[in-house]
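Geometric and topological summary
Next come the chains, spelled out residue by residue.
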Amino acid sequence: MHFIGNHYKTSNTSSTDRIMTAKLKVIVVGPQQAGKTLISNIITDMTENAYSQYEPTEGVRILEIETPVSLNTMQNSNVDIELWDCGGSQRYQPCWPVIQLDTQGIIFVCNPQSSDQLPELELLYDYFVTQNNMNDYNCVVFINQKSELDQISSMLPHRFDGVMRKTINAASNPNGVKSEFLNFIETLLSDLKH
């Protein structure tokens, strides 16, 4: 089985600006065809093949990005992020303990056009959040809205009530994806500092 795929690193800062660097591991999980890889590619500026034909992720892809943060307590600081783009097939469930290890943030991705994803989202939440004592504030749900007609309001299971929800459209608004991701990272860093 191919577990660890490609390992990439991109940088959004120059090394001369660096004063302090924080490190985070963030996993991107969700059912198949929710848009996890597209979102991960947008976040890490790997957009040359971002909009190609759908191919399921085999196991996990580890991407790295270095980006500035603008927290009051971390002025002139960068954060190194390992972004784990996890395949949505349940055949990778035996790999979940390795994926979960040292995780500090979780991005759940769902497609509001597919109500059959709800049981899978619940399974992912139960393992990655409940069983591993992860706090809801270390999580965000990216609702990958592909059309303005998508029904969003009540689609998520109740166990997600305490989790931030961000409606995005990865295909038509990549800057919105990046902005919501950076907002999540800043929230995550400020919560981890306490």
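Residues numbered from 1 in each chain as written. Predicted model: local features only at pLDDT ≥ 70, side-chain atom pairs only at ≥ 80, totals over all residues. Heavy atoms only, no water.

1. A short note on the pairing of strand β5 (residues 105–110)
Among the 6 residues in β5, 6 count as buried, and that is most of the element. Going residue by residue along β5, you find G105, I107 and V109 tucked away on one face and I106, F108 and C110 tucked away on the opposite face as well. Following the backbone out of β5, through helix α3 (residues 118–131) and into the adjacent parallel strand β6 (residues 139–144), one traces a crossover that is right-handed. (Buried < 20%, exposed > 50% of the residue type's maximum accessible area, 1.4 Å probe, protein only. Helix = DSSP H or I, 4+ residues; strand = E, 2+ residues; numbered from the N terminus. Right-handed = clockwise from strand over helix to strand, strands pointing away.)

2. Some details on the pattern of salt bridges
One pass over the full model with this rule turns up 7 salt bridges. The salt bridge partner of D161 is R165, with a shortest N-O separation of 3.4 Å. Assessed through its relative accessible area of 52%, D161 is described here as exposed. Since its relative accessible area comes to 33%, R165 is described here as partly exposed. A salt bridge links K166 to E180; its shortest N-O distance comes to 3.9 Å. With a gap of 14 residues between them, K166 in strand β7 (residues 164–168) and E180 in helix α4 (residues 174–192) connect regions that are remote in the sequence. Three or more residues joined by partner-sharing salt bridges are found here, namely E122, D126 and R159. (Salt bridge = Lys/Arg side-chain N within 4 Å of Asp/Glu carboxyl O.)

3. Things to note about the pairing of strand β3 (residues 60–69)
Within β3, 9 of the 10 residues are buried, leaving the element largely enclosed by the surrounding structure. Two elements, β3 and strand β4 (residues 77–86), share 10 bridges in a ladder whose sense is antiparallel. What sits directly across from V69, in β4, is S77. (Pairing = 2+ DSSP bridges.)

4. Topic: the confidence of the model for the chain
In this model, the chain carries a mean pLDDT of 81, and residues with pLDDT of at least 70 account for 77%. When the elements of the chain are averaged for pLDDT, strand β1 (residues 4–11) gives the smallest value, 41, and β5 the largest, 96. Between residues 1–11, whose pLDDT stays under 50, and residues either more than four places distant or in other chains, the model counts 31 contacts. Taken together, the stretch residues 13–19 has pLDDT below 50 and engages in 8 contacts with residues farther than four places along the chain or on a different chain. (pLDDT = per-residue confidence, 0-100. Contact = heavy atoms within 4.5 Å.)

5. Some details on the environment of I27
Mapped onto the elements, I27 comes out in strand β2 (residues 20–29). C-alpha of I27 to C-alpha of S40: the two residues are 13 residues apart in sequence and 9.8 Å apart in space.

6. Topic: the packing of aromatic side chains
Inspection of every chain in the model, using the stated rule, returns 6 aromatic pairs. Taking the centre distance of 5.2 Å and the plane angle of 45° together, the rings of W96 and F128 count as tilted. Here F128 lies in helix α3 and W96 lies in helix α2 (residues 96–100), a separation of 32 residues in the sequence. Of the two residues examined, W96 and F128, each falls in the buried class. (Phe/Tyr/Trp six-rings, centres within 6.5 Å; stacked < 30°, edge-to-face > 60°.)

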